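Structural features, examined
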Amino acid sequence: MSTITPSQEQQIVDQVPKQLYIAGEWRDGAKGTISVEDPSTEEPLCDVADASVDDAKAALDAAVAAGPDFATMAPRERGEILRRAFETITERKDDLALLMTLEMGKTIKESLAEITYAAEFFRWYSEEAVRIDGRYTVAANGAGRVLTMKQPVGPCLMITPWNFPLAMGTRKIGPAVAAGCTMVVKPAQQTPLSMLMLAKILEEAGLPGGVLNLITASSSSETTGPLISDPRLRKMSFTGSTEVGRKLMAQASDTLLRLSMELGGNAPFIVFDDADVDAAVAGAMIAKMRNMGEACTSANRFHVAGAVADEFASKLAEKMGSLKLGRGVEEGTDVGPLIDDDQRGKVSELVQDAIGRGASAVVGGHQRDGAGYFYEPTVLTDIPDDAKLLQEEIFGPVAPVKGFTDEDEAIAAANNTEYGLVAYVYTNDLKRALRVCERLETGMIGLNQGMVSNAQAPFGGVKQSGFGREGGYEGIEEYLETKYVAVNL
Ligand code: NAP
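Anyway, here's the lowdown on the structure attached to this text. (Residues numbered from 1 in each chain as written. Predicted model: local features only at pLDDT ≥ 70, side-chain atom pairs only at ≥ 80, totals over all residues. Heavy atoms only, no water.)

1. Details of the overall build of the chain
Along the chain, the regular secondary structure elements total 15 helices and 20 strands. Here the C-alpha atoms of the chain give a radius of gyration of 23 Å, agreeing with the 23 Å that 2.2 N^0.38 yields for 489 residues. Seen along its three principal axes, the alpha-carbon backbone of the chain occupies a region of about 70 × 65 × 40 Å. Counting only residues that meet the buried cut, the chain has 58% of its 489 residues in that class. Long-range pairs, those at least 24 residues apart, make up 74% of the contacts in the chain between residues at least 6 apart in sequence. Roughly 19200 Å² of accessible area belongs to the chain as shown, and the carbon and sulfur atoms make up 49% of that amount. Between the averaged position of the 47 positive side-chain charges in the chain and that of its 70 negative side-chain charges there is a distance of 6 Å. (Helix = DSSP H or I, 4+ residues; strand = E, 2+ residues; numbered from the N terminus. Rg over C-alpha atoms; globule rule 2.2 N^0.38 Å. Buried < 20%, exposed > 50% of the residue type's maximum accessible area, 1.4 Å probe, protein only. Contact = heavy atoms within 4.5 Å. Areas by Shrake-Rupley, 256 points an atom, 1.4 Å probe, with all protein chains shown as cover. Lys, Arg positive; Asp, Glu negative; His and termini not counted. Charge placed at Lys NZ, Arg CZ, Asp CG, Glu CD.)

And the structure:
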């Protein structure tokens, strides 16, 4: 990676459209603007439009108006729009990575990885657009026929978080476009720039005006509330915290709005005594440190067999301690800043709570002074059962390591949470691997690997990590209704 200059940073920020995108037009927000900050410097990057309730309603009006034509556009054409957008994202990945790093903080290498992942949803769903089908079967009594057809759900509201500013959008927009749905997208106010660039790329790729409408807003509840209660809205797909997910679900109950909820996680990372400890440490580094620990899939707690717990903790601490903190745009940086001071405060509080109850910091345990919301990569051992970080999402570079004595204890500890997004299991015993995978209460499992994200696979959780799946064959079903016709022959 060559050194990125301040003028290159400014150039990419200047290229982003800063207005709302409604009905195929870029326009100002009625409430003025909101400031976007670089979390590595705490300096403002630029201002983007602040949508009012009327702007949000105009976005839904546009999605509703564009609905019927888009639903009947040839699936191949819808697929080709996604394919062209995939090509453009891939061609422009360096610019997009720089932008993402500036607004979110992660390293350029990590931003590039997210952009590849994000683009893959467009490639996958460009291929799925032409594979939407129904069925025609002879009824059991031989007299009638059962005919089913798949149709787009209709106008959707998509609300996305700041931690994966592009991929959390493409994971929803890809299948929605493939299925023939129109949409209003509201990205997180901390990271709207990647999504604004995406809207521009989709516009250039030929997405008809009104299909995707993008609003940025300083008050998400004020702007999205009236849309959620509008009976013309047919679906909401939300990625974010369980706490906000619960509120949105309550709001959606008035109209019985169809929902997909991709919520928080508290992933256990289990290492059995028959595992390859070095491979487990390598996997742990990915599962913990991807996105500085600010991922819903981040390993939140490490349950390690007593016989290998000390070896695992010391090898993990050595690797964590060697990571270099810095601005994501700088060469040699391994770990960027957290998103804001609140997030860093939460991480710090959880670490202090654990230490206060008897845990020991093998490495790290502090925030870094100076500009930027940096927190040191941290490994904690001697974790007491009542430490809050065993129950709460840490969302930071902190790895608590706790021993266990047998398989039943490991599974009980892993499942002892309201969350159920993902778990990681390291073992070289095939029977144990399958036995444990069957008993873990999560939507996804990384078996001898520290990452599960893959556009071809159904991503999603159980319990209070939500419901619905994004990616894979399953992802498009979230945007389709099945209509059954009883045929009298
Ligand atoms: P968040 O606070 O729940 O916010 C997510 C989005 O919801 C943002 O766009 C936010 O807008 C908006 N929002 C907040 N309150 C709202 C309300 N009352 N009405 C309507 N919209 C509202 O989550 P976050 O801090 O951005 O993201 C981190 C969380 O996302 C973590 O819990 C993480 O596990 C989860 N996550 C889950 C997945 C998954 O696939 N399961 C993936 C990534 C992240 P503002 O920006 O204006 O607040």
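2. A word on the pairing of strand E15 (residues 378-381)
Burial along E15 is two-sided: the face carrying Thr-378 and Leu-380 and the face carrying Val-379 and Thr-381 are both buried. Across 3 bridges, the pairing between strand E14 (residues 360-363) and E15 is antiparallel. If you follow Ser-360 over to E15, its bridge partner there is Thr-381. By the bridge criterion, 3 bridges tie E15 to strand E16 (residues 398-404) in an arrangement that is parallel. Opposite Leu-380, over in E16, you have Pro-400 as the bridge partner. (Pairing = 2+ DSSP bridges.)

3. Looking at the pattern of salt bridges
Pairs can form between side chains of opposite charge once their charged atoms are near each other. With the rule as written, the count across this model stands at 28 salt bridges. As a salt-bridge pair, Arg-27 and Asp-55 come within 3.3 Å of each other at their nearest N and O atoms. Residue Arg-27 is located in strand E2 (residues 25-27), and its partner Asp-55 is located in helix H2 (residues 53-72); the two are separated by 28 residues in the primary sequence. Of the charged contacts in the structure, one is a salt bridge between Asp-278 and Lys-315, with a shortest N-O distance of 2.9 Å. A residue pair is termed long-range when its members are at least 10 positions apart, and Asp-278 in helix H10 (residues 277-289) and Lys-315 in helix H11 (residues 306-321) qualify at 37 residues. Judged by its relative accessible area of 28%, Lys-315 falls in the partly exposed class. (Salt bridge = Lys/Arg side-chain N within 4 Å of Asp/Glu carboxyl O.)

4. Section: the nonpolar core
Within the largest apolar cluster, 135 residues are counted, with the highest numbers of intra-cluster contacts made by Ile-173, Met-183, Leu-212, Phe-269, Phe-312, Leu-316 and Leu-389. If one sorts the elements of this core by residue count, helix H5 (residues 108-128) sits on top with 9 residues. Beyond its immediate chain neighbours, meaning those up to four positions away, Leu-316 contacts Val-281, Ala-284, Met-285, Val-379, Ala-399 and Val-401. In terms of nonpolar packing, the next biggest core, distinct from the first, is built from 26 residues, Ala-62, Leu-157, Ile-215 and Ala-217 among them. (Core = buried A, V, L, I, M, F, W, Y, C linked by side-chain atoms within 4.5 Å.)

5. Things to note about the sheet that holds strand E20 (residues 480-487)
On the basis of which strands lie adjacent, the open sheet formed by 3 strands has the order E5-E6-E20 and antiparallel pairing. The open sheet terminates on both sides in strands that have one partner only, identified here as strand E5 (135-138) and E20. The mean inter-strand angle of the sheet, taken between neighbouring strand axes irrespective of direction, is 20°. By the bridge criterion, 8 bridges tie strand E6 (residues 145-152) to E20 in an arrangement that is antiparallel. Looking across to E20, one finds that Arg-145 is bridged to Val-487. (Axes fitted to C-alpha atoms, helices over the stretch in contact; angles between N-to-C directions.)

6. Here we look at the site of the ligand
Taken together, 29 residues are adjacent to the ligand, and Thr-160, Arg-171, Ser-241, Leu-263 and Glu-393 come closest. Side-chain polar atom of Ser-220 to an oxygen atom of the ligand: 3.4 Å apart, as the coordinates give it. Burial of the ligand by the protein amounts to 88% of the accessible area it has alone, namely 910 Å². Listed by contribution, the elements that provide at least two residues to the shell around the ligand are helix H6 (167-179), helix H8 (220-228), strand E10 (235-239) and helix H9 (242-252). For the shell around the ligand, the leading source of residues is H8, giving 3 residues. Residue composition of the shell around the ligand, by class: 14 nonpolar, 11 polar and 4 charged. (Near = heavy atom within 4 Å. Polar contact = N/O pair within 3.5 Å; in protein donor to acceptor, adjacent residues only side chain to side chain. Nonpolar A, V, L, I, M, F, W, Y, C, P; charged D, E, K, R; others polar.)

7. Overview of the packing of H10 against H11
Helices that pack against each other are described as a pair by the angle of their axes relative to one another and the distance between those axes. Running from N to C, H10 and H11 cross one another at 50°; their axes reach a closest spacing of 10 Å. Relative to H11, the element H10 lies oblique. Note that H10 runs across H11; the crossing there is right-handed. For the pair H10 and H11, contact is made by Val-277, Asp-278, Ala-280, Val-281, Ala-284, Met-285, Lys-288 and Met-289 and by Val-308, Glu-311, Phe-312, Lys-315, Leu-316, Lys-319 and Met-320, respectively. (Parallel < 35°, antiparallel > 145°, perpendicular 65-115°, else oblique. Left-handed = near helix turned anticlockwise from the far one by under 90°.)

8. A few points about unusual backbone geometry
One non-glycine residue, Glu-42, adopts positive backbone phi at about 65°. Its place among the elements puts Glu-42 in the loop between strand E3 (33-38) and strand E4 (43-49). A positive phi angle, close to 50°, is found at Leu-256, a residue other than glycine.

9. What about the environment of Ile-12?
Within the secondary structure, Ile-12 is located in helix H1 (residues 6-15). On a C-alpha basis, the gap between Ile-12 and Asp-95 in space is 6.6 Å, while along the polypeptide they are 83 residues apart. Apart from the residues lying within four places of it in its own chain, the contact partners of Ile-12 are Arg-92, Asp-95, Leu-98, Leu-99, Leu-102 and Met-197.

10. Observations concerning the packing of aromatic side chains
What characterises a pair of aromatic rings is the spacing of the ring centres plus the angle enclosed by the ring planes. This model, assessed by the stated rule, comprises 10 aromatic pairs. The interplanar angle of 70° and the centroid separation of 5.0 Å between the aromatic rings of Tyr-117 and Phe-121 together place this pair among those described as edge-to-face. Remark: Phe-121 and Tyr-117 occur in helix H5; sequence separation between them is 4 residues, near one turn of the helix. For Tyr-117, a relative accessible area of 11% gives the class buried. (Phe/Tyr/Trp six-rings, centres within 6.5 Å; stacked < 30°, edge-to-face > 60°.)

11. Comments concerning the sheet that holds strand E17 (residues 422-426)
By definition, the strands of a sheet pair up through backbone hydrogen bonds, in either a parallel or an antiparallel sense. Strand order across the open sheet formed by 7 strands is E14-E15-E16-E13-E12-E17-E18, with mixed pairing between neighbours. The sheet is open, and its two edges are formed by E14 and strand E18 (444-447), each paired on a single side. In this sheet, adjacent strand axes meet at a mean angle of 25° when their direction is disregarded. Across 5 bridges, strand E12 (residues 267-271) lies against strand E13 (residues 299-305) in parallel orientation. When the bridges of E13 are listed, Val-271 appears paired with Val-304.

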